[in-house]
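Secondary and tertiary structure notes
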Number of protein chains: 2
Amino acid sequence: MKRVTVYDIAKEAKVSVTTVSRVLNGTAPVKHSTRKKITELIEKYQFQPNALARSLTKKETKMIGIILPDITNPFFPEVFTGVENALAEAGYTFFLCTTGGNDERESAYLGLLREKQVDGIIFMGGRINSVECPPVLAEEVVNLSKHIPIVLVNGTLPGNPLPRVKTDEYVGAEMVTEHLIELGHRKIGFIGGMEETTTTVEKVAAFESTLKKHGISPRKDWIRYGDFSVACGRKLMSGLLKERDRPTAVFCVNDFTSVGAIKAAIEAGLSIPDDVAIVGFDDTPLASSIIPELTTVSQESNRLGVTAFHVLQRLINGEQVEELSVIQPRLLVRESTVKK
Amino acid sequence: MKRVTVYDIAKEAKVSVTTVSRVLNGTAPVKHSTRKKITELIEKYQFQPNALARSLTKKETKMIGIILPDITNPFFPEVFTGVENALAEAGYTFFLCTTGGNDERESAYLGLLREKQVDGIIFMGGRINSVECPPVLAEEVVNLSKHIPIVLVNGTLPGNPLPRVKTDEYVGAEMVTEHLIELGHRKIGFIGGMEETTTTVEKVAAFESTLKKHGISPRKDWIRYGDFSVACGRKLMSGLLKERDRPTAVFCVNDFTSVGAIKAAIEAGLSIPDDVAIVGFDDTPLASSIIPELTTVSQESNRLGVTAFHVLQRLINGEQVEELSVIQPRLLVRESTVKK
DNA sequence: CTGAAAGCGCTAACAT
DNA sequence: ATGTTAGCGCTTTCAG
């Protein structure tokens, strides 16, 4: 079962490898008759050029790396479906690198991707979401970006302007807060997310500022941090609900925590949205599956993904790209804040 | 920003490339002093060997391909988290290929993966789940498997014994049915899944046979096919509930359809599990997030993934592997069938 | 329109 | 313990 190479084809067609290469790549005119002969042999042997060899000479692999913290959070797969189509169409293929937000795994993957000579990297989560990204880690990415185009999705490396694509989470959080205030809520809490994560910080900032804008002073004790999981949402919510004086509406850092919050509320015998309104973020499929359906903010994850890839592609082609592409989020009002 | 190669290192260390290669791979003893010198240079230049070149000579890429229909169904990411750790530990990296169950995209990816010289492929969904897989498509996979190790997850290519790893969905479906019968249900329906899909067929077979075993004759009009989506579950369930004579329990092909079914039931003003009991399949995170929590069958997706990779790895190493590895599913009884 | 030959960056015999 | 040399399979000048 010997692998057939351009040489085999060339020999049997009685031409040089160059010619075979030419019909393979359409890189120069080839006489019709010889082209036909070669094409037939390719067909006959089901010949497929070895991408490694090709990439080695061309210095281009048509492979990219996608780094993200947690494939289990439906938000990320959503971003993919966007990327994947664009990718496939452009003949790219990608390595999926799940890091669990772990710095060392990130570093390891960064190295691996470089070894594999990927043409570019899409980086989500992890250190680029950290409020205080250790300089060493930032530098590592910046250095690599000198060899390989990197685009950051929904994150940043302060002081190091790498091309970024993001949804405007600040605006999204404003929308949520405005929405709740409009519904008459004055006592609003915020739960979930790690305090040292930009996603969280940005949302809380918008949340507080919007409250103030409406003459409501934010209450620190109604802002409770944790992580991004269902379990966390449940725990924080149930704690919040135990207070004598408790909020009538809660803004959750993402859909996962919202689901936890909803469970906690129902367990506490409360009805949603009458006793307490709940809002999520991300508009994962979960949001419209759960009962009550969740009011949430769409990050336009699909578009986010497509945009990220397009920016990367331009970077790869050596074209100029905007340093920051912002995508507008969209508030989706559903049953968890407004009765049907 | 010239890329540094083994030659650069060798020259500066005043040794031959071979020696550099040796310290890189630990493939032969190197004097301590020269090793040190080389290591320092590697450090200094942040040198990383070019994996393409290496793979080209070694005929091994440490890359594998994972083909699956839909990354948006949480079941698949779950399988990953299993695979990924095992993979990363063994120094492998993988291409994620999402096909949407589309035959052509599958074929395209199969070709692409071959070009990229992956060491192996894990194949899930699509044609290997089809009851009547067109011979051309089956042959394509079988032929490829002569060049590249392939393991099929939860699927098969009839008459073509490729190594397979699967959860015993038949047993899982038996468990579900037994469970419902035990609870006193005699009128049980089944919804969702495509009729030409093995997953569906197997479940329905087990379902019907278990019913018969208990003297209940299955009713064809209570078995309704569709696909694997939430929307489908909702539609089918709501149809079923409109019948005068309707089931008191419904077995859904997967968690997604269960969620739809739950929504439909609640919309119809029914309470779960009192008026109608609902069971899912897969135990995706969704199952324990939803209210009521879903009784479902765990496919042990994590273990499934790990096992798949281990089989693949043995295949890659030219070791003997069992043609079929079966993983036992587990019934998880929750609120959607039994009141808390 | 076609071919010879060099080279991509690395590993692996085969010496020494 | 180290070096020489020949590939791996392809693309790409450079010459016809």
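Taking an unreviewed UniProt entry as the reference, chain A is identified by name as LacI family DNA-binding transcriptional regulator belonging to Alicyclobacillus fodiniaquatilis.

Moving on to the overall build of chain A. When helices and strands are tallied, chain A shows 13 helices and twelve strands. Against the 2.2 N^0.38 benchmark of 20 Å for 340 residues, chain A shows a C-alpha radius of gyration of 25 Å, more extended than a compact globule. Along the longest, intermediate and shortest principal axes, the C-alpha atoms of chain A span 90 × 45 × 35 Å. Out of the 340 residues in chain A, the part that is buried amounts to 55%. Of all intrachain contacts in chain A linking residues separated by at least 6 positions in sequence, the fraction that spans at least 24 positions is 73%. Mean positive and mean negative side-chain charge positions of chain A (41 and 42 charges, respectively) differ by 8 Å.

Of the residues lining the interface, 51 residues belong to chain A; the matching set on chain B comes to 51 residues. At the boundary of chain A with chain B, total buried surface from both sides reaches about 4,800 Å², with 56% on carbon and sulfur atoms. Our count for the chain A to chain B interface comes out at four salt bridges. Here chain A is connected to chain B by 24 residue pairs in polar contact (both at pLDDT 80 or more). Among the secondary structure elements, those contributing two or more residues to the side of chain A that touches chain B are α4 (51–58), α5 (75–89), β2 (93–98), α6 (103–115), α10 (230–242), α11 (255–267) and α12 (285–289) of chain A. Residues of the side of chain A that touches chain B, tallied by class, amount to 24 nonpolar, 15 polar and twelve charged.

All names here are of chain B. Counting buried positions over the six residues of strand β2 (residues 93–98) gives six, a clear majority of the element. Neither face of β2 is left uncovered, since the one carrying Thr93, Phe95 and Cys97 and the one carrying Phe94, Leu96 and Thr98 both have all their residues buried. The pairing of strand β1 (residues 63–68) with β2 spans six bridges and is classified as parallel. The partner of Gly65 across the bridge, within β2, is Phe95. The parallel pair β1 and β2, bridged by helix α5 (residues 75–89), forms a crossover whose chirality is right-handed.

As a further point, take the pattern of salt bridges. Opposite charge on two side chains permits them to pair, given that their charged atoms come into close proximity. Here the structure, examined in full by the defined rule, presents 40 salt bridges over all chains. A salt bridge links A:Lys263 to B:Glu293; its shortest N-O distance comes to 2.4 Å. Placement of the pair is A:Lys263 in helix α11 and B:Glu293 in the loop between α12 (285–289) and β10 (296–298), with the two residues belonging to separate chains. Note on B:Glu293: relative accessible area 15%, which makes it buried. Measuring nitrogen to oxygen at the nearest pair gives 3.1 Å for the salt bridge that ties B:Asp221 to B:Arg219. Members of the salt-bridge network, linked through shared partners, are A:Lys187, A:Arg219, A:Asp221 and A:Asp245.

Turning our attention to empty space enclosed by the protein. Tallied over the full model, the rule gives four cavities of 30 Å³ or more. Empty space within the largest cavity amounts to approximately 120 Å³. As for the largest cavity, its lining consists of 13 residues, of which A:Pro74, A:Leu286, B:Pro74, B:Phe256 and B:Leu286 are closest to the centre. For the lining of the largest cavity, the secondary structure elements donating two or more residues are α12 of chain A together with α12 of chain B. Among the residues forming the lining of the largest cavity, the class breakdown is nine nonpolar, four polar and no charged.

Turning next to the domain arrangement of chain A. Domain annotation for chain A reports domain 1 (6–58), domain 2 (63–168 + 301–329) and domain 3 (169–299). For domain 1 of chain A versus domain 2 of chain A, the separation of C-alpha centres amounts to 36 Å.

Residues and elements named next belong to chain B. What the four strands build is an open sheet, ordered β7-β6-β8-β9; its pairing is parallel. Bordering the open sheet on either side are β7 (223–224) and β9 (277–279), each of which pairs with just one other strand. Across four bridges, strand β6 (residues 188–191) lies against strand β8 (residues 249–252) in parallel orientation. Paired with Ile191 across the bridge in β8 is Cys252. The sheet contacts of helix α8 (residues 169–182) involve β6, β8 and β9, and relative to β8 the element is tilted by about 170°. Against the sheet, helix α11 (residues 255–267) touches β6, β8 and β9, its axis set at about 165° to β9.

On to the packing of helix α6 (residues 103–115) of chain B against helix α7 (residues 135–144) of chain B. All names here are of chain B. For the pair α6 and α7, interaxial distance at closest approach is 11 Å and the crossing angle is 15°. Taken together, α6 and α7 sit at an angle that is classed as roughly parallel. Handedness of the crossing formed by α6 with α7: left-handed. Here α6 contributes Asp103, Ser107, Leu110 and Arg114 to the contact with α7, which in turn contributes Leu137, Glu140, Val141 and Leu144. For the contact of α6 with α7, a count of residues per class yields four nonpolar, one polar and three charged.

Rules used throughout
Residues numbered from 1 in each chain as written. Chains lettered and ligands numbered in written order. Predicted model: local features only at pLDDT ≥ 70, side-chain atom pairs only at ≥ 80, totals over all residues. Heavy atoms only, no water. Helix = DSSP H or I, 4+ residues; strand = E, 2+ residues; numbered from the N terminus. Rg over C-alpha atoms; globule rule 2.2 N^0.38 Å. Buried < 20%, exposed > 50% of the residue type's maximum accessible area, 1.4 Å probe, protein only. Contact = heavy atoms within 4.5 Å. Lys, Arg positive; Asp, Glu negative; His and termini not counted. Charge placed at Lys NZ, Arg CZ, Asp CG, Glu CD. Buried area = accessible area lost by both parts, 1.4 Å probe. Salt bridge = Lys/Arg side-chain N within 4 Å of Asp/Glu carboxyl O. Polar contact = N/O pair within 3.5 Å; in protein donor to acceptor, adjacent residues only side chain to side chain. Nonpolar A, V, L, I, M, F, W, Y, C, P; charged D, E, K, R; others polar. Pairing = 2+ DSSP bridges. Right-handed = clockwise from strand over helix to strand, strands pointing away. 1 Å grid on protein atoms, 1.4 Å probe; cavity = no way out; pocket = protein on both sides within 12 Å on 5 of 7 lines; lining within 4 Å. Points joined across faces, edges and corners; volume = space filled by probe spheres on them. Domains from an automatic or database assignment. Axes fitted to C-alpha atoms, helices over the stretch in contact; angles between N-to-C directions. Parallel < 35°, antiparallel > 145°, perpendicular 65-115°, else oblique. Left-handed = near helix turned anticlockwise from the far one by under 90°.

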